[in-house]
Amino acid sequence: MELFTQTLANGVMLGSIYALVAAGLALVFGVMDIPQFAFGAHAMIGGYLTWWVGGETGSYWLGLLVAVAALAALGVITHAAVFDQLRKAPSETLFIAAFGLVMVLQGAAQVIWGPDPRSVEEAVPGSITIAGATITYQRLIIIGVAVALFVGLHLFLTRTLTGLSVRAAAQSRTGAQAVGLRPRAVGLLAMAIGSALAGLAGALLVPISQAYPTVGDPLAIKAFVVIVLAGMGSVNGAVVGGIVLGAVEAFGAAYLSLEWRDAYPVLLLILVLVVRPQGLFGKEAVAWR
Amino acid sequence: MEMTGRVLAWALVPLGAVLPFVLGSPYALQLASLVVIYGGLMVALNLCFGYGGLVSVAHGGMFGAGAYATGVLMTTHQWNFWATLPVAAVLGCAMGGLLGLLTLRMHGHYFVIASLAFGLMAQLVLSRWTAVTGGELGLGPIPTYSGLPGVSFESPTARYLLAFGFLVVFCGVSALVVRSPLGRRLAAIKQNGRLADALGIDPVRTRLAALLISSAMAALAGSVYAPYIGFLDPSAGGIDLNFKTGLALIIGGGGTALGPVIGAAVHVLLPEALRGAQEYSVLALGVVLLVVIRFAPHGVAGTLRRLLVERERPAPEPEAEEEKVSTNA
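What counts and what doesn't
- Residues numbered from 1 in each chain as written.
- Chains lettered and ligands numbered in written order.
- Predicted model: local features only at pLDDT ≥ 70, side-chain atom pairs only at ≥ 80, totals over all residues.
- Helix = DSSP H or I, 4+ residues; strand = E, 2+ residues; numbered from the N terminus.
- Rg over C-alpha atoms; globule rule 2.2 N^0.38 Å.
- Buried ≥ 20, exposed ≤ 12 C-beta atoms within 10 Å, placed from the backbone.
- Contact = placed C-beta atoms within 7 Å.
- Nonpolar A, V, L, I, M, F, W, Y, C, P; charged D, E, K, R; others polar.
- Expected span 1.5 Å × (residues − 1).
- Axes fitted to C-alpha atoms, helices over the stretch in contact; angles between N-to-C directions.
- Parallel < 35°, antiparallel > 145°, perpendicular 65-115°, else oblique.
- Left-handed = near helix turned anticlockwise from the far one by under 90°.
- pLDDT = per-residue confidence, 0-100.
- Pairing = 2+ DSSP bridges.

## Section: the overall build of chain A
Counting its secondary structure elements, chain A contains 12 helices and 2 strands. Secondary structure of chain A in N-to-C order comes out as α-α-α-α-β-β-α-α-α-α-α-α-α-α. For chain A, the C-alpha radius of gyration of 19 Å lies close to 19 Å, the compact-globule estimate for 289 residues. Across its three principal axes, chain A shows a C-alpha extent of roughly 55 × 45 × 35 Å. Taken over 289 residues, chain A has a buried fraction of 52%. Contacts in chain A between residues far apart in sequence, at least 24 positions, make up 74% of those at least 6 positions apart.

So this is what it looks like as structure tokens:
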């Protein structure tokens, strides 16, 4: 029982991080069809910024805020400098461009901060025992912040005019243009939100994972697994999918074999492709277009 | 233009064959050999990626599977090198077939993502299936190529020539496929999938055929790699290799005959050139890639070809899509 609750807690924590990155990816994917593979690297940069600003000022939370704001700006810059320039290019070029971005960001991190991992103190040290599971406060913070954010994102997308225009652009680019929305501006906004979410994930994770140049790689890959699992372009689906993936990974590692832990998400992905290729929440028409 | 390109390509064959006699140092010959070996992987990738428009991040996995198939059979089971080739080819085909059946019915990004999953899985199997692959500790020493009647492949020059022979065969097969009805169907699907569909071209079957050929080729390129390098670890089929070869192909020029060879040269030589400034090498590669995608989206070979087209035909520059068709016609 203890193992079960402990594993569940770990899975939900991990899943919250995956869900944050995947929600951003789903947004960017839905609005612009851009496979932004560099969100993992954005999370890495977010982690480093949290370490740096947090270390200079002594406040983890200030570091986190700076990381989120800086990453939103980075999202705008990369969109304007890279993806917007390539908007007429075939989708395979976009994927490779995103990989080029990963290399630029990782290379920059390597040059600026070097290969050694940097550790960040937990925001609130200590832990609490719930139903036999020992959960550090940092993990509770991760889950709490993530939940608050998902609620906020959902309200933004369903209740505000800007959010509605993002969804409209995702549903039909031409239709959105016809009613006077500007898909390019919406795209810029979606990319800023996606990058900020990735930066937040990195900032939340850094006390647990440390910061080093390749720390975001698994996040990037898992975010893709999540959006296939959820159905491409479904933000709410990405949240659920992220938690499911985190749980699958944690339970697989605890009950099956720790050695093959990285294989479970991949097997889950293949299973989804075979059984339900449109994803858990996707519409058939989208996947089989 | 068509003629110029083909003449240029075939003129490179004797040039490549005399290369080991021109190169002074064993180090240069080793780099040349690696370029030729990775060239095989790039030709395979180009068939799928360049001509078929299928961005595969799994071909490195097939390369690794082929390398390990040959490596394990030669080392653990004392097989003859040449006998391992059919095994590697079948293994590559099986992986490509599975990937294709799972994903080819779906549009766009699904293929990339599923191929990424395949690439990851291949790397995981290579590193975790320790009983067979030796895991992270690696597999080796792998004996060198088995001789043929009257020929031995002991010397570095002979080994280069063997790898070069494979590359020429791969290029030949690729050229045949591209000019065949299959290649024309592939080009039609890449240019306008719906129109091709309306004309009665089955996109799934066409792409699956191309993927099978290209997967077998990637695995065979891996088979050539294993005895040359003599030692394998999971990075031989790693996810890093997938991305770096894909990126090198873009820089070289996808969908062209020379692109894969230029790409292989970039893949092998650029990291060597940046050896003194290791920490800058990833950054430099990324910047080069982004600049190439932005300003020369057809890569080095594609840009050269465009320059040649413009010189021979002063007519207005054809649209990119039209150009692709004319070369395949």
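Back to the write-up after that little detour.
## Here's the deal with the interface of chain A and chain B
Taken together, the contact pairs 36 residues of chain A with 33 residues of chain B. At the level of secondary structure, the elements contributing two or more residues to the side of chain A that touches chain B comprise α4 (91-113), α9 (217-230) and α11 (263-275) of chain A. Tallied by class, residues from the side of chain A that touches chain B come to 25 nonpolar, 7 polar and 4 charged.

## Points about helix α13 (residues 278-295) of chain B
Working note: α-helix, 3.6 residues per turn, so residues spaced by three or four point in the same direction. Taking 1.5 Å as the rise per residue, α13 of chain B with 18 residues should run 26 Å; its terminal C-alpha atoms sit 26 Å apart, in good agreement. Every buried residue of α13 of chain B is listed here: Val282, Leu283, Leu285, Gly286, Leu289, Leu290, Val292 and Ile293 of chain B.

## Quick word on the packing of helix α10 (residues 235-256) of chain A against α11 of chain A
All names here are of chain A. At a closest axis distance of 9 Å, the pairing of α10 and α11 adopts a crossing angle of 130°. One way to sum up the angle between α10 and α11 is to call them oblique. Classified by chirality, the crossing of α11 by α10 is right-handed. Contacts between α10 and α11 involve Leu245, Val248, Glu249 and Gly252 on the former and, on the latter, Tyr264, Pro265 and Leu268.

## Quick word on the confidence of the model for chain B
Residues and elements named next belong to chain B. The predicted model of chain B has a mean per-residue pLDDT of 83, with 91% of residues at 70 or higher. Across residues 314-329, where pLDDT falls below 50, the model places 13 contacts with residues more than four positions away in sequence or in other chains. The complex model carries a pTM of 0.83, and its ipTM stands at 0.76.

## Let's talk about the pairing of strand β2 (residues 133-136) of chain A
Residue and element names in this part refer to chain A. In the sheet, strand β1 (residues 127-130) pairs with β2 via 4 bridges, with the strands oriented antiparallel. What sits directly across from Thr129, in β2, is Thr134. With antiparallel pairing between neighbouring strands as the criterion, β1 and β2 make up a hairpin whose turn holds 2 residues, including Ala131 at a positive phi of roughly 50°.

## Some thoughts on the confidence of the model for chain A
With 97% of its residues at a pLDDT of 70 or more, chain A shows a mean pLDDT of 85. Note on residues 284-289 of chain A: pLDDT under 50 across the span, and 11 contacts to partners over four residues away in sequence or across chains.

## Re unusual backbone geometry
The backbone of Gln210 of chain A shows a phi angle near 70°, a positive value even though the residue is not glycine. Along the chain, Gln210 of chain A turns up in the loop between α8 (183-209) and α9. In this structure, Gln78 of chain B is a non-glycine residue whose phi angle is positive, near 50°. Structurally, the position occupied by Gln78 of chain B is in the loop between α3 (59-75) and α4 (81-103). The exposure class assigned to Gln78 of chain B is exposed, which follows from the 8 C-beta atoms found within 10 Å.

## Examining the packing of helix α2 (residues 26-51) of chain B against helix α11 (residues 239-252) of chain B
Residues and elements named next belong to chain B. Interaxial distance between α2 and α11 falls to 10 Å at its minimum, and their mutual angle equals 75°. Comparing the axis directions of α2 and α11 gives the class roughly perpendicular. Together, Leu41, Met42, Leu45, Asn46, Phe49 and Gly50 of α2 and Thr245, Gly246 and Leu249 of α11 make up the contact between the two elements. Partitioning the contact of α2 with α11 into residue classes produces 5 nonpolar, 4 polar and no charged.

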